[in-house]
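Structural description and commentary
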Amino acid sequence: MTSREDPPWERVIVHADMDAFFAAVEILDDPSLAPLPIAIGGRSPRSVVATANYIARRYGVRSAMPMALARKKCPELVIVPPRMQRYREISQTVMAVFRRYATIVQPLSLDEAFMDVTEQATCYASPEAIGRAIKDDVLEATSGLRVSVGISNTKFVAKIASDFQKPDGLTIVHPFMVTAFLAPLPISALWGVGPKTAQRVEALGLKSIGDVARASDQDLRKLGRLGDQLKRLAQGIDHRPVTPPGPPKSVGWERTLEGNISATDDIAALLGPAADAVAGRLRRRSMLAEGVRVKLKTTDFDVLTRQSVLSSGTN
Ligand code: TTP
Ligand code: MG
């Protein structure tokens, strides 16, 4: 059946992202948590929130927020320690569902993936129908977890769309709606625009994606090569293909300490075990590292990194 609307979809790209993933898994395994505000993370003053359910989010609890602050914002917050093994197991179930719908699945993390369903979509009445089917299948395969789905003709727009009506969202952005959909969004939604770039773009008087889409070449030239790239994205042009995952680009290990340390010797003493853990992971995957990066987080949650390239590979 090929009853797709005009203009034709050159590609049908799906982005799917589980709702409050770690928290949703905990509620699945212990339904008594469902009516309560919950956050996943440790209890120590150092811990940060991995995620929170939508009830806790109403109090302002957010991912990456120090747990101490989260408890201030929501005194009744129930803190649940993470169970990574269980999240990985459910992630495999979810990714297996995705692979039933797409020849190419590109996982971005445990709970989200791009799918190119251009071929498969011809078997459905509409892109919306395939999105509905994916959502229903994830719900069934996981016995109750919900996924938000965005569908458009590019990765860029599909990803924004999956977030648009979270939780339990299904947002279809037809090719002819793309520029209108993007126009009111803030420039920070453009890929490649972090806080620093955002300042440079805003200094040109460009506040929304629509402003960038309409910007003069003269203004955009002030941003160098980035200017072109941003204008194309703002116009919904993004040719990047959905690509299957390759070997990992990095392997790491990190730990949050229970208390502060500041003596150089104390810090140095932690490098040995960290290097052992990383090397073990590399050896298990038969990989060699071409460089090393050390990351250090301060009491204020500032992150300092130092790195160097090695003269030969190591594990
Ligand atoms: P997200 O998809 O960013 O968040 P979410 O699934 O919890 O909520 P939603 O998508 O509905 O907004 O991340 C997926 C999981 O990754 C999340 O459940 C926990 C983990 N995570 C962290 O551990 N630390 C983080 O800072 C973030 C953002 C996520
Ligand atoms: Mg998610």
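Our structure is the block above this text.
Let me begin by describing the structure that accompanies this report. (Residues numbered from 1 in each chain as written. Chains lettered and ligands numbered in written order. Predicted model: local features only at pLDDT ≥ 70, side-chain atom pairs only at ≥ 80, totals over all residues. Heavy atoms only, no water.)

**Remarks on the overall build of the protein chain**
Counting secondary structure elements, the protein chain contains 13 helices and ten strands. Across its three principal directions, the C-alpha atoms of the protein chain cover 65 × 55 × 45 Å. Looking at the 315 residues of the protein chain, the share that counts as buried comes to 41%. Excluding contacts between residues fewer than 6 apart, the proportion of contacts in the protein chain whose partners are at least 24 apart in sequence is 58%. (Helix = DSSP H or I, 4+ residues; strand = E, 2+ residues; numbered from the N terminus. Buried < 20%, exposed > 50% of the residue type's maximum accessible area, 1.4 Å probe, protein only. Contact = heavy atoms within 4.5 Å.)

**Quick word on the coordination of the magnesium ion (ligand 2)**
Those protein atoms acting as donors to the magnesium ion (ligand 2) are Asp 17 (OD), Met 18 (O) and Asp 111 (OD), and they sit at 1.9 to 2.2 Å. Taken together, the six donor atoms coordinating the magnesium ion (ligand 2) span angles of 84 to 176° at the metal, a pattern that classifies the geometry as octahedral. Mapping the donors of the magnesium ion (ligand 2) onto the primary sequence gives the spacing D-M-x92-D. Placement of Met 18 in strand β1 (residues 13-18) and of Asp 111 in the loop between β5 (104-109) and β6 (112-116) is noted, with a sequence separation of 93 residues between them. A single burial state applies to Met 18 and to Asp 111, both of which are buried. (Donors = N, O, S within 2.8 Å, 3.2 Å for Na, K, Ca; no water. Tetrahedral: all angles 85-135°; square planar, octahedral: opposite > 155°, others 65-115°.)

**A few points about the sheet that holds strand β2 (residues 38-40)**
With mixed pairing, three strands are arranged side by side in an open sheet as β3-β2-β4. What marks the edges here is a single partner per strand, and that holds for β3 (51-52) and β4 (78-80). Bridge count between β2 and β3: two bridges; the pairing is antiparallel. Each residue of the ladder has a partner; that of Ile 40, found in β3, is Thr 51. (Pairing = 2+ DSSP bridges.)

**With respect to the pairing of β6**
With five of five residues buried, β6 is to be regarded as a mostly interior element. Going residue by residue along β6, you find Glu 112, Phe 114 and Asp 116 tucked away on one face and Ala 113 and Met 115 tucked away on the opposite face as well. Summarising the sheet, β1 and β6 pair through five bridges and their orientation is antiparallel. Looking at the pairing, Val 14 lines up with Met 115 of β6. Across five bridges, the pairing between β5 and β6 is antiparallel. Within the sheet, the bridge partner assigned to Ser 109 lies in β6 and is Glu 112. The turn linking β5 back onto β6 is made up of two residues.

**Structural notes on the site of ligand 1**
Near ligand 1 you find 14 residues, and of these Ala 20, Thr 51, Tyr 54, Arg 57 and Asp 111 are the closest. Side-chain polar atom of Asp 17 to an oxygen atom of ligand 1: 2.9 Å apart, as the coordinates give it. A distance of 2.9 Å separates an oxygen atom of ligand 1 from a polar side-chain atom of Asp 111. Alone, ligand 1 offers 560 Å² of accessible surface; in the complex the protein occludes 68% of this. Elements represented by at least two residues in the shell around ligand 1 include exactly β1, α1 (21-29) and α2 (54-57). Among the residues making up the shell around ligand 1, the classes are represented as seven nonpolar, two polar and five charged. (Near = heavy atom within 4 Å. Polar contact = N/O pair within 3.5 Å; in protein donor to acceptor, adjacent residues only side chain to side chain. Areas by Shrake-Rupley, 256 points an atom, 1.4 Å probe, with all protein chains shown as cover. Nonpolar A, V, L, I, M, F, W, Y, C, P; charged D, E, K, R; others polar.)

**Description of the side chain of Thr 154**
When you line up the elements, Thr 154 lands in the loop between β7 (147-152) and α7 (155-164). Sequence-distant contacts of Thr 154, that is, excluding residues within four places in its chain, are made with Arg 11, Ile 13, Gly 236 and Asp 238.

**Quick notes on helix α4 (residues 84-101)**
Spanning 18 residues, α4 covers 26 Å between terminal C-alpha atoms, matching the ideal 26 Å at 1.5 Å per step. Considered for burial, the residues of α4 that qualify are Tyr 87, Ile 90, Ser 91, Val 94, Met 95, Val 97, Phe 98 and Tyr 101. Taken down its axis, α4 places every buried residue within 150° of arc, on the same side. In α4, the exposed positions angled more than 90 degrees off the buried face are occupied by Gln 85, Gln 92, Arg 99 and Arg 100. (Expected span 1.5 Å × (residues − 1). Arc of directions from axis to C-beta.)

**Observations regarding the pattern of salt bridges**
Under the counting rule described, the total for this entry stands at 16 salt bridges. One salt bridge connects Arg 86 with Asp 29, and the closest N-O pair in it is separated by 2.7 Å. You can see Arg 86 sitting in helix α4 and its partner Asp 29 sitting in helix α1, a full 57 residues away along the chain. Using a relative accessible area of 23% as the deciding quantity, one classes Arg 86 as partly exposed. Owing to a relative accessible area of 35%, Asp 29 belongs among the partly exposed residues under this scheme. Taken together, the salt bridges that share partners define one network made up of Glu 26, Asp 29, Arg 83, Arg 86 and Glu 89. (Salt bridge = Lys/Arg side-chain N within 4 Å of Asp/Glu carboxyl O.)

**Notes on the sheet that holds β7**
Judged by pairing direction, the sheet is mixed, and its five strands sit side by side in the order β5-β6-β1-β7-β8 without closing on themselves. Edge positions in the sheet fall to β5 and β8 (170-172), since each of these pairs with one other strand and no more. Each strand of the sheet is rotated relative to its neighbour by a mean of 15°, with strand direction disregarded. (Axes fitted to C-alpha atoms, helices over the stretch in contact; angles between N-to-C directions.)

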